[in-house]
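Residues per chain are reported as follows:
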Amino acid sequence: MSSTTPPPHIDQPTEPASTLSSGGTDQHGARAHSDGGWDTKVPVQTRSERFRSGDVDAFPVVTGREVNWKFAPLAKIQPLLDGPLDGSAYPFLATQSAGADVEWGRSDDPRVGGAGLPEDRAAAAAWSARDAVLAITVKGTDEHEFITVTRSDFGSRARAAHTVITAEPQAQGIVVIDNRGTALLSENVEVVVRDGARLTVVSVQDWDDDAVHVSTHFAEVGRDAFLKHVVVSLGGDVIRVNPSTHLGAQGGDVEMYGVYFADAGQYIEQQVYVDHDAPNTRSRVNYKGALQGQGAHTVWIGDVLIGRSAPGTDSYEQNRNLVLTDGTRADSIPNLEIETGDITGAGHASATGRFDDEQLFYLQARGIPEEEARRLVVLGFLVEVIQKIGAPELEERLIAAVEQELMEGRTVLAAPAAEAAAAGSVAAGVDA
């Protein structure tokens, strides 16, 4: 979809139920069984068949029984689903360069809808509430552009945001959306990578501990274009970032990476979707996370669809979770649907486990203390993804943030042990 094409019409009427013909169950006086009508009652089984609309009223109220909401802590997200949202412009800091533009656009900006439409009520609520659009454009120059947008002033009221990132034909660049501070935010991020462009988009969730952030990313990748999409989730109370990519032109290529670290009581969710819809497209999905502390909960759901129109597809997705303490929960669900046999390759994998004792033994046998050995193992596990970003300064900052998470986790775990030891000393004194 070109930048001058108006957004698609969002009013999508529901198709009427099929009418029984004389050749159906009504013939010979027979009637449909009371349990019939499954043509309209069976839940949507394929991600590509989900209903899409930019109208929040087109979606039913979320109950928590829906497949895409069943893990989420709805009580904390509820204001973003049903309450009024402030979709006005907000303060931000952005690096400027001659080869890129960062500017506010109107809510009816024609670029809106160029990468997709909402598939759930949260995204539709933010879509309906937008009063302004933050437009980031990477121009097709010979330079490799680097743009950082830092957002830290959302405040505590329920807000909506809409961002459109466009890489013009043959453009090259990295766009970083750096989220900090506190927030109660629902947003949509659209990414359009035009023919021959190469773009990296990084979303960093380094929020304060009380932040609630629900975000949907849509990406449209053009002919022989490349997108690297990276989600880094460290801070916040509830983080839900769901990125999807449509490879609708021949030779489209996407790499989707994620790294996350969940502490006690923290909820981090990612639902990733790749839609191969053209010949000779390629995708790689690799998400890695670590969990520590009572009640730390992560959810990763990966969907890959290889359509009938996508011969020559090469696809692989995987998720790895490293459990550092008891009391954590990691849900990991990889899904792969293939509608053509003419593919180069496809696969998926998921694994969740504790430290490898052999790795710890190897390091300790060489004189490295256990605490330091554990730190090295975790860093080695997560840094593989962080180093895919391609921005050294940002990578160093994120590695330092992971180390800080590990240090804070040791402090939290040490506190109950110290309290228990103190209680034991007091009891011993009483007995004496």
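Residues numbered from 1 in each chain as written. Predicted model: local features only at pLDDT ≥ 70, side-chain atom pairs only at ≥ 80, totals over all residues. Heavy atoms only, no water.

**Thoughts on the pattern of salt bridges**
Where charged atoms of side chains with opposite charge meet at close range, the side chains can pair.
Phase 1: Applying the stated rule across the entire model yields 26 salt bridges.
Phase 2: Where Arg121 meets Asp82, a salt bridge forms, and the shortest distance between an N and an O atom there is 3.2 Å. On the criterion of sequence distance, the pair formed by Arg121 in helix 3 (residues 121-129) and Asp82 in helix 2 (residues 74-82) is long-range, its members being 39 residues apart.
Phase 3: Arg121 sits in the buried class, given a relative accessible area of 12%.
Phase 4: For Glu255, the salt bridge is made with Arg282, and the minimal N-O distance between the two is 3.3 Å. Separated by 27 residues along the polypeptide, Glu255 in strand 12 (residues 253-262) and Arg282 in strand 14 (residues 282-291) bring together distant segments of the chain.
Phase 5: Arg282 sits in the partly exposed class, given a relative accessible area of 25%.
Phase 6: Connected through shared salt-bridge partners, Asp178, Arg180, Asp206 and Arg397 make up one network. (Salt bridge = Lys/Arg side-chain N within 4 Å of Asp/Glu carboxyl O. Helix = DSSP H or I, 4+ residues; strand = E, 2+ residues; numbered from the N terminus. Buried < 20%, exposed > 50% of the residue type's maximum accessible area, 1.4 Å probe, protein only.)

**Topic: the nonpolar core**
Phase 1: Ranked by size, the top nonpolar core spans 48 residues in total, and within it Ile147, Ile165, Val191, Val193, Leu199 and Leu227 carry the most contacts.
Phase 2: Apart from residues no more than four positions distant in its own chain, Leu227 is found in contact with Val191, Val193, Leu199, Val201, Ala219, Val221, Thr245, Asp253, Val254 and Glu255. (Core = buried A, V, L, I, M, F, W, Y, C linked by side-chain atoms within 4.5 Å. Contact = heavy atoms within 4.5 Å.)

**Some points on the sheet that holds strand 9 (residues 212-221)**
Phase 1: Ordered by their spatial adjacency, nine strands build an open sheet running 2-3-5-7-9-11-13-15-17, and the pairing between neighbours is mixed. Looking at which strands have only one partner, the edges of the open sheet turn out to be strand 2 (100-106) and strand 17 (329-338). Strand-to-strand, the axes of this sheet are offset by a mean angle of 10°, without reference to chain direction.
Phase 2: Both strand 5 (residues 158-167) and strand 7 (residues 184-193) contribute to a ladder of 10 bridges, which runs parallel. Paired with Ile165 across the two strands is Val191, which belongs to strand 7.
Phase 3: The strands touched by helix 3 are strand 5, strand 7 and strand 9; relative to strand 7, the strand with the most contacts, the crossing angle is about 85°. (Pairing = 2+ DSSP bridges. Axes fitted to C-alpha atoms, helices over the stretch in contact; angles between N-to-C directions.)

**Re the confidence of the model for the chain**
Phase 1: Summarising the model, the chain shows a mean pLDDT of 86, and 84% of its residues fall at 70 or more.
Phase 2: Here residues 1-40 is modelled with pLDDT under 50, and outside its nearest four sequence neighbours on either side it reaches 35 contacts, counting other chains as well.
Phase 3: Within the model, the stretch residues 411-432 combines pLDDT values under 50 with one contact to residues more than four positions away or in other chains. (pLDDT = per-residue confidence, 0-100.)

**Some thoughts on the sheet that holds strand 12**
Phase 1: Ordered in space as 1-4-6-8-10-12-14-16-18, the nine strands form an open sheet in which the pairing is mixed. Each of the sheet's edge strands pairs with one partner strand only, and the pair in question is strand 1 (93-94) and strand 18 (343-353).
Phase 2: When strand 12 meets strand 14, the two strands line up parallel, connected through 10 bridges. If you follow Phe261 over to strand 14, its bridge partner there is Ala290.
Phase 3: Its contacts with the sheet put helix 5 (residues 370-386) on strand 12, strand 14 and strand 16 (313-323), and the angle it makes with strand 14 is roughly 150°.

**A few points about the environment of His246**
Phase 1: Following the sequence through the fold, His246 ends up in strand 11 (residues 238-247).
Phase 2: Residue His246 is classed as partly exposed on the basis of its relative accessible area, which comes to 23%.
Phase 3: Taking the C-alpha atoms as reference points, His246 and Asp277, 31 residues apart in sequence, are found 7.1 Å from one another.
Phase 4: In contact with His246, not counting residues within four places along its chain, are Ala219, Glu220, Val221, Asp275 and Asp277.
Phase 5: One polar contact links His246 to Asp277, side chain to side chain, over a distance of 3.0 Å. (Polar contact = N/O pair within 3.5 Å; in protein donor to acceptor, adjacent residues only side chain to side chain.)

**As for unusual backbone geometry**
What is expected of a backbone is that most residues other than glycine have negative phi and most peptide bonds are trans.
Phase 1: For Asp224, which is not glycine, the phi dihedral falls at a positive 55°.
Phase 2: Within the secondary structure layout, Asp224 lies in the loop between strand 9 and strand 10 (226-235).
Phase 3: A positive phi is found at Asn280, a non-glycine position, where the angle reads about 55°.
Phase 4: In this fold, Asn280 is placed in the loop between strand 13 (267-276) and strand 14.

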